[in-house]
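# Structural features, examined
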Amino acid sequence: VRDDMWKITEMYQEIGYPEAQIDYDLHATEKGDGLALDITIDEGRPYYVNDITVRQGKLRDMYLTNIISMIEVHRDEPYTPQAVERDTENLRNYFRSLGYADAICASKVLLAEEQPDDSVRVDIFYEMDESSLFDIGIVYITGNERTKDVVIRRELSFFPGDRYNYYRIDTSRQRLMNMDYFEKVDIVEAPNPQDHSKKDIYVDVKEKLTGQVGVGVGFSSQDYLFGTITITQPNFDWKNYKNWFTGGGQHFRIKGEFGIHRQDVILSFTEPYFLHEQLKGRKVAAGFDVYWKNNNALGPDLRIMRIGGDLRAATPISMAWIPTVGKYLGVIKVEGALAGEYIRVGVDKSLDYGDTIVGEDTAWIKRRHVNRRNGRVQKRMVPLEYERYDKYL
């Protein structure tokens, strides 16, 4: 109940009633069969924003415009303490994104000089203490026992010697979490002992098991009884056999489905950073798929085997170079693939399709013919060049 009262209080604060007071009374019902909750709400007077002042001494020109755009509260709108807290954090992070790693922002709310009778107006002050500019020093990777350092570092948006940027650090942490290799990712900073104008970055990860094995059994009217097995490893390393082929950031998947009439095996492999060094940091994902499929469900004497695969590659391309509209297009992903397939059709005895019989010799097709004189059915051989074999399939 207390949690609910606090949620109601926050709701009133968010719409401009910071003086709202919520009280409740819990008592037995008249029948004595339960409890009754009486809630009393005293909204208080509404608060509105008067003047907004940001005091800082480092930024000029366009940076001031960015500061204004980051402030959530506006003049003559309802005042909410939660919005002021968010503005304080956003301003601090903005200065930290420009290299002021130790920037501090404090907010102060004061009553305006002129007050209306039916509401309260407040002036809001944001005080910035920018401190000094910092660059990034040494980047340490800790906590990774299976995953290689390079797999983690290539997901980072910052590098030693870069200007300190809070947003890049936060984005890097999110990218590492999105890999789904780690239970937890912490990125902390510390002063560089040799150079006080730099901040060393510690990337500490807590790994989790990434491999998955799935086994299933099913039944269908076409395949009757069949079973499936799937092995997936999103953090695969084909060179690291000593560590159960894990830690390289490659994607590996093999799936097998085995039934009475159908058997399928599919293997997929992807290197998300193919030739990363040779391509000078260009992100190109390359991989291949290989499959083997055997199917005899179309007829008792017909077997179709397919062996194939593909080679594929993909890379993101920024559209910023296009005048005017490029910035709105963002980044597009371009993919290309080269695929091939070998098909083998096997016939045990013969296949009867009404007026057509497909024999073992696929170069000929036996054609039924009815003799008009005696009504007997005769079989006549027709060369394959006159009758397409595959149209009967």
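Calculation notes
- What you see as residue numbers is a count from 1 along each chain, following the sequence as written.
- Per-residue local features are limited, in this predicted model, to residues with pLDDT of at least 70; the limit for side-chain atom pairs, both in listing and counting, is 80 or more; totals at the level of whole chains, interfaces and linings are taken over all residues.
- For the side-chain quantities, the full set of heavy atoms in the structure was used; hydrogens and water were omitted.
- Every helix listed is a DSSP run of H or I at least four residues long, and every strand listed is a run of E at least two residues long, numbered separately from the N terminus.
- Throughout, a contact is declared for two residues whenever any of their heavy atoms are within 4.5 Å.
- Areas reported as accessible are Shrake-Rupley estimates using a 1.4 Å probe. Residue values count occlusion only from the protein chains shown.
- Salt bridge, as applied in this entry: a Lys or Arg side-chain nitrogen positioned within 4 Å of an Asp or Glu carboxyl oxygen.
- Using a 1.4 Å probe on the protein chains alone, a residue whose accessible area is under 20% of its type maximum counts as buried, one over 50% counts as exposed, and one in between counts as partly exposed.
- For two strands to count as paired, DSSP must find a minimum of two bridges between them.
- Lines fitted to C-alpha atoms define the axes, with helix axes restricted to the stretch in contact, and inter-axis angles between N-to-C directions lie between 0 and 180 degrees.
- Pairing of aromatic side chains here covers Phe, Tyr and the six-membered ring of Trp, requires ring centres within 6.5 Å, and sorts the geometry by plane angle: under 30 degrees stacked, over 60 edge-to-face, intermediate tilted.
- In this scheme, Lys NZ or Arg CZ marks a charge over a ring once it lies within 6 Å of the ring centre and within 35 degrees of the ring normal.
- Here, the term nonpolar core denotes a set of buried Ala, Val, Leu, Ile, Met, Phe, Trp, Tyr and Cys residues that are joined through side-chain atoms within 4.5 Å.
- Known as pLDDT, the predictor's per-residue confidence is scaled from 0 to 100.

Assigned secondary structure in the protein consists of 6 helices and 19 strands. Considering only intrachain contacts with a sequence separation of at least 6, the fraction spanning at least 24 residues in the protein is 51%. Working note: accessible area of the protein is about 25,300 Å², and carbon and sulfur atoms make up 53% of it.

Next up on the list: the pattern of salt bridges. For side chains of opposite charge, pairing can occur when their charged atoms come near one another. All told, the structure shown has 21 salt bridges when counted by the stated rule. Here Asp-51 ties to Arg-75 by a salt bridge, and the two come within 2.3 Å at their closest N and O atoms. A residue pair is termed long-range when its members are at least 10 positions apart, and Asp-51 in strand β3 (residues 47–55) and Arg-75 in the loop between α2 (62–70) and α3 (81–97) qualify at 24 residues. For Asp-51, a relative accessible area of 36% gives the class partly exposed. Overall, Arg-75 belongs to the partly exposed group, its relative accessible area being 45%. Put simply, Lys-148 and Asp-237 hold a salt bridge, and the shortest N to O gap is 2.9 Å. In this pair, Lys-148 sits in the loop between β6 (135–142) and α4 (149–153) while Asp-237 sits in the loop between β10 (224–236) and β11 (250–259), placing the two residues 89 residues apart along the sequence. Classification of Asp-237 by relative accessible area gives buried; the value is 3%. Ionic contacts of the salt-bridge type, sharing partners, join the residues Glu-14, Glu-72 and Arg-86 into one network.

Our next topic: the sheet that holds β6. Reading across from one edge, β6-β8-β7 is the order of the 3 strands in this open sheet, with mixed pairing throughout. Both edges of this open sheet fall to β6 and β7 (182–191), since each of them pairs with a single strand only. Recorded for the sheet is a direction-independent mean angle of 20 degrees between the axes of neighbouring strands. Here β7 pairs with strand β8 (residues 198–207) via 9 bridges, running antiparallel.

Throughout the structure, instances matching the rule amount to 11 aromatic pairs. Here Phe-236 and Phe-245 contribute two aromatic rings whose centre-to-centre distance is 6.0 Å and whose plane-to-plane angle is 15 degrees, an arrangement assigned as stacked. A relative accessible area of 35% means that Phe-245 is categorised as partly exposed. Pairwise contacts between aromatic rings join Phe-236, Phe-245, Phe-252, Phe-269 and Phe-288 into one cluster. Geometry around Phe-134 places Lys-199 over its ring, the cationic atom sitting 4.8 Å from the centre. The positively charged end of Lys-293 is found above the aromatic ring belonging to Tyr-291, 5.1 Å away from the centroid.

The biggest cluster of nonpolar side chains holds 21 residues, and the ones touching the most others in it are Val-139, Phe-158, Leu-176, Phe-182, Ile-201 and Val-203. Elements supplying a minimum of two residues to this core: β6, α4, α5 (166–178), β7 and β8. What Phe-182 contacts, discounting residues up to four positions off in sequence, is Thr-147, Ile-152, Leu-176, Met-177, Val-205, Lys-206, Glu-207 and Lys-208. With 20 residues, the next largest nonpolar core counts Ile-67, Tyr-79, Ala-83 and Ile-124 among its residues.

A separate point is the environment of Asp-42. Counting through the fold element by element, Asp-42 comes out in strand β2 (residues 35–42). Sequence-wise, Asp-42 and Gln-21 are 21 residues apart; in three dimensions their C-alpha atoms are separated by 5.2 Å. Ignoring sequence-local partners within four residues, the contact set of Asp-42 consists of Glu-19, Ala-20 and Gln-21.

Here the focus is the confidence of the model for the protein. Averaged over every residue, the pLDDT of the protein is 85; the share at 70 or more is 87%. Here residues 360–366 is a poorly scored stretch, pLDDT under 50, and it has 24 contacts once near neighbours within four places are set aside; other chains count. Overall, residues 381–389 carries pLDDT values under 50, and its contacts beyond four positions in sequence, including any with other chains, amount to 22 contacts.

Let's shift gears to the sheet that holds strand β5 (residues 120–129). An order of β3-β5-β4 is seen for the 3 strands of this open sheet, with the pairing classed as mixed. Of all strands in the sheet, those bounded by a partner on one side alone are β3 and β4 (104–111). Adjacent strand axes in the sheet meet at a mean angle of 20 degrees when their direction is disregarded. Direction of pairing for β3 relative to β5: parallel, over a ladder of 7 bridges.

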